[in-house]
Amino acid sequence: MGHIFPSLRLWIATLAICVFAYAGLVLGFAQTAVPFQANGSIIMQEGRPIGSRLIAQNFTQDRYFWPRPSAADYNGMGAAGSNLSPTSDKLEQRAAETVSRYAAAQDDPIPADLVAASGGGLDPHISLAGARYQAGRVAAARGLPARDVEALINRLAYAPGGVFAPDRIVNVLELNMALDKLGR
Amino acid sequence: MLASFLTVALIVGGAALLSWPLGRFMAALFSGRYASADSLFARIAGSSQDQDWKAYSVALLVFNAVMFAFVFALLSLQHLLPLNPDGQGPASIHLIFNTTASFVTNTNLQHYSGESTWSYLAQLAGLMWLQFVSAATGIAALAALARGIAGHPSMGNFFIDLQRASFCVLLPIALVVALSLAASGVPMTLEGAAQVTTLEGAAQTIARGPAAAFVAIKQLGTNGGGFFGPNSTHPFENPTLWANFIEMAAIIIIPMACVWMFGRMIGRIRHAGVIFVVMAALLLVKITAVLAFEAAPTQAFADLPIEQNVGNLEGKELRLGATTGPLWAAITTSTSNGSVGAMHDSLNPLAGLVPMAGMWLNETFGGVGVGMINMFLYIVVAVFVAGMMVGRTPEYLGHRIEGREMRLAVLALISHPVLILGGTALFAATSWGVDTLNNTGAHGFSEILYEFSSAAANNGSGFEGLGDNTAPWNLATGIVMLIGRYLPILVPLAIVGSLMAKRRSAESVGTLSVESNTFGIMLLITILIFGALTFFPAAALGPIAEHVTLMR
């Protein structure tokens, strides 16, 4: 069994280089060059952490924009998709609940991204159409002119990948923080 | 439409271009062109003597046994060890067995969620370590196979090959990818979960960790096991479209380069070109199919006042664009990667058939090293059938393919459908499978079929609605992964060992040229007949039945 000693020596060598040296290097780079991203893109407000720019948090009040549905109930420790088939009755029931929460109607259909759950349940974005769809409710709840809210959405919406992904999206947490700054 | 086309062209075309110089470098590396590195590797290993196919196989198995033993122990003891800021407790013994088997075999099937199961030490020194050395094992096996076919007197030395693959191929590319991902927002920290108070005043706990280093090698080594439960749909694993592009290209670049490496090592680069085109053609067919099927809107929303204009969005992330989820699904299952950029369980029925087909064929680039080895089996069969058709002794590069080689090749190829269909039949008929389903009817059957396909193909993706962290699932898929890994590595080495023992004949005008279009078409037909005929009945019961009955 002349193979055992070389195997053990390779175990030590690969562990030292491919795990400890490699992870140490990446850790050192990330913590020095991009500490905000390296620690989870946590946003601070008045010295307190209020969420991650990359992780959806739940919003239920009329004065805030609502994120996409989450099969994980926005649990940052248990991300998950619904894993329901697009032909599933359970999915239709869930969608019907969302539709009634938004009071969508045939003459005012709701954009699909506000009804479809994301892959990880923590998608921080909604589509531009999904934000515009909610603008009226938010403006009314805050007593703001609708055009101010619309302008805010337009300012924050961006295409995530230029020509490769031209449909514009909005980060819900950033939008709601900007909204709070706007007032009421 | 235009965005989809541009994305496919950029990812597949870009990776194909980069694979050319990488393949050249790998061929030089494994041909011993870098003597100073090799002498260092020989000193580290304390072994550098040439091995025949038996010694090489045993060395491979012994090192893989060490991998298994160490990680099994580490996962079992994680709650007693450091780097566990979130206080993960002990996992069940059958989950530890399944997870160890899964990462040793380069599968990365995950019956757990990383953020709520494993400590940072278990993830890094256990799972991430295996992502390096299991991938290196596959590349080493391909190098040995190529040496045998090229007519070398020995297959090389496994311990040198493993270090070449780990330190000179995987490590430098992983470093570049990891740093890019960290810069684009993937966390890299040893801090435990973040506690935040949301704008509405609720408490939210956000898992994080040393993900950037992990995600890079997960993609490059066709591993696929995510740091977080939902893999690359999780915003921390895949924060932007650009990170997503890097991750997708990282899936296919080394499997593509392996074809060029093989061609150069056997001195037949044109032959490699034919193989590359056959693989790329099948991959593009699958990509086209999955994009087309996934452009259909979510059927369950059809009767509700919902505006659908960008296809099926259930299980997809908006920042990654409408195209990349299904594109990723095709790429990740054509190689044996198994990471996901959208939830496969929520794909439209026929779109969900595409990843299954990818795992059934398992060689349209395939896993690092092993994809080309799987293709070698199909080549043996294609050459044999072609030889029979024209009534000549079948030859491959001057090696005579005879009864013994054919029996071995068919044994390895037939084990794949036996594991998948046998396992699916057993679990679909018993409470082991039926009680764990998330969807009913044909889609439930698809969940079982997908799970066994993924295990046997060493892929690792899943129809994740399946409640698969049970003792029967963990044991059955653990065993299937082990057989599905080592049989298709060892049998080809045995075939080549048997070819090496025979005298090589010169190629004549009557020999089917392996550089010709005829050979390419022959190979394509062999693959399609094997795949389509074997798996069509199962496909008809699952995704096709669901499509026909429920889609309008």
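Residues numbered from 1 in each chain as written. Chains lettered and ligands numbered in written order. Predicted model: local features only at pLDDT ≥ 70, side-chain atom pairs only at ≥ 80, totals over all residues. Heavy atoms only, no water.

Note: interface size is frequently given as the accessible area lost on complex formation between the parts. Here chain A is described as being made up of domain 1 (4–37) and domain 2 (41–182). Domain 1 of chain A and domain 2 of chain A are separated by 38 Å when their C-alpha centres are compared. (Domains from an automatic or database assignment.)

All names here are of chain B. Inspection of the secondary structure assignment puts Ser-154 in the loop between helix H5 (120–150) and helix H6 (158–184). Under the relative-accessibility criterion, Ser-154 is labelled buried at 12%. There is a polar contact of 3.0 Å between the side chain of Ser-154 and the backbone nitrogen of Gly-156. (Helix = DSSP H or I, 4+ residues; strand = E, 2+ residues; numbered from the N terminus. Buried < 20%, exposed > 50% of the residue type's maximum accessible area, 1.4 Å probe, protein only. Polar contact = N/O pair within 3.5 Å; in protein donor to acceptor, adjacent residues only side chain to side chain.)

The next thing to look at is the interface of chain B and chain A. Contacts between the two partners involve 106 residues from chain B and, on the opposite side, 101 residues from chain A. Interface area lost by chain B to chain A is led by Leu199(B), Glu200(B) and Leu318(B), which between them contribute 10%. For the pair chain B and chain A, the interface holds two salt bridges. For the pair chain B and chain A, the number of links is 40 residue pairs in polar contact (both at pLDDT 80 or more). (Contact = heavy atoms within 4.5 Å. Buried area = accessible area lost by both parts, 1.4 Å probe. Salt bridge = Lys/Arg side-chain N within 4 Å of Asp/Glu carboxyl O.)

Another point: the environment of Val285(B). Residues and elements named next belong to chain B. Its location among the elements puts Val-285 in helix H9 (residues 269–294). Judged by its relative accessible area of 56%, Val-285 falls in the exposed class. Sequence separation of Val-285 and Ala-330 is 45 residues, and the distance between their C-alpha atoms is 9.6 Å.

For the rest of this paragraph, the subject is a nonpolar patch on the surface. Residue and element names in this part refer to chain B. Together, Ile-521, Ile-525, Ile-529 and Leu-533 line one region of the surface with nonpolar side chains, adding up to about 410 Å² of accessible area. Structurally, the position occupied by Ile-529 is in helix H17 (residues 517–550). By relative accessible area, Ile-529 is classed as partly exposed at 47%. (Patch = residues over 30% accessible without salt bridge, like charges linked within 9 Å, V, L, I, M, F, W, Y side chains within 5 Å. Areas by Shrake-Rupley, 256 points an atom, 1.4 Å probe, with all protein chains shown as cover.)

With that settled, consider the side chain of Asp161(B). Residues and elements named next belong to chain B. For Asp-161, the location among the structural elements is in helix H6. According to the relative accessible area criterion, Asp-161 is buried, its value standing at 0%. Within the structure, the side chain of Asp-161 is placed 2.9 Å from the side chain of Arg-164, a separation counted as a polar contact. Setting aside residues no more than four positions away along its own chain, Asp-161 makes contact with Phe-30, Tyr-56, Ala-140, Ala-143, Arg-147 and Met-155.

Now for the packing of helix H8 (residues 241–265) of chain B against helix H10 (residues 324–334) of chain B. All names here are of chain B. At a minimum axis distance of 10 Å, the contact between H8 and H10 shows a crossing angle of 15°. With respect to H10, the axis of H8 lies roughly parallel. Our pair here, H8 against H10, has a crossing hand that is left-handed. Where H8 abuts H10, its residues Leu-241, Asn-244, Phe-245, Glu-247, Met-248, Ile-251 and Ile-252 lie against Thr-324, Leu-327, Trp-328, Ile-331 and Thr-332. Looking at side-chain class alone, the contact of H8 with H10 contains eight nonpolar, three polar and one charged residues. (Axes fitted to C-alpha atoms, helices over the stretch in contact; angles between N-to-C directions. Parallel < 35°, antiparallel > 145°, perpendicular 65-115°, else oblique. Left-handed = near helix turned anticlockwise from the far one by under 90°. Nonpolar A, V, L, I, M, F, W, Y, C, P; charged D, E, K, R; others polar.)

To describe a pair of aromatic rings, you give the distance between the ring centres and the angle between the ring planes. Counted under the stated rule, the structure contains 32 aromatic pairs over all chains. Taken together, a centroid distance of 5.0 Å and an interplanar angle of 50° make the contact between Phe59(A) and Tyr64(A) tilted. The pair formed by Phe59(A) and Tyr64(A) is uniform in burial state, with each residue classed as buried. Ring geometry for Trp360(B) versus Phe535(B): centroids 4.8 Å apart, planes at 5°, classification stacked. Note that Trp360(B) is positioned in helix H11 (residues 349–361) and Phe535(B) in helix H17, a separation of 175 residues in sequence. Directly above the aromatic system of Trp66(A) lies the positively charged group of Arg101(A), at a separation of 4.0 Å from the ring centroid. We note Arg142(A) situated over the ring of Tyr64(A); from NZ or CZ to the ring centre the distance is 5.1 Å. (Phe/Tyr/Trp six-rings, centres within 6.5 Å; stacked < 30°, edge-to-face > 60°. Lys NZ or Arg CZ within 6 Å of the ring centre and 35° of its normal.)

Moving on to unusual backbone geometry. You will see that Tyr74(A), though not glycine, has its phi angle at about 60°, which is positive. Mapped onto the fold, Tyr74(A) is located in the loop between strand S2 (48–52) and helix H3 (89–102). By relative accessible area, which is 11% here, Tyr74(A) ends up buried. Residues other than glycine seldom take positive phi values, yet Thr222(B) does so here, at roughly 40°. Looking at where Thr222(B) falls in the secondary structure, it is placed in the loop between helix H7 (211–220) and H8. Owing to a relative accessible area of 0%, Thr222(B) belongs among the buried residues under this scheme.

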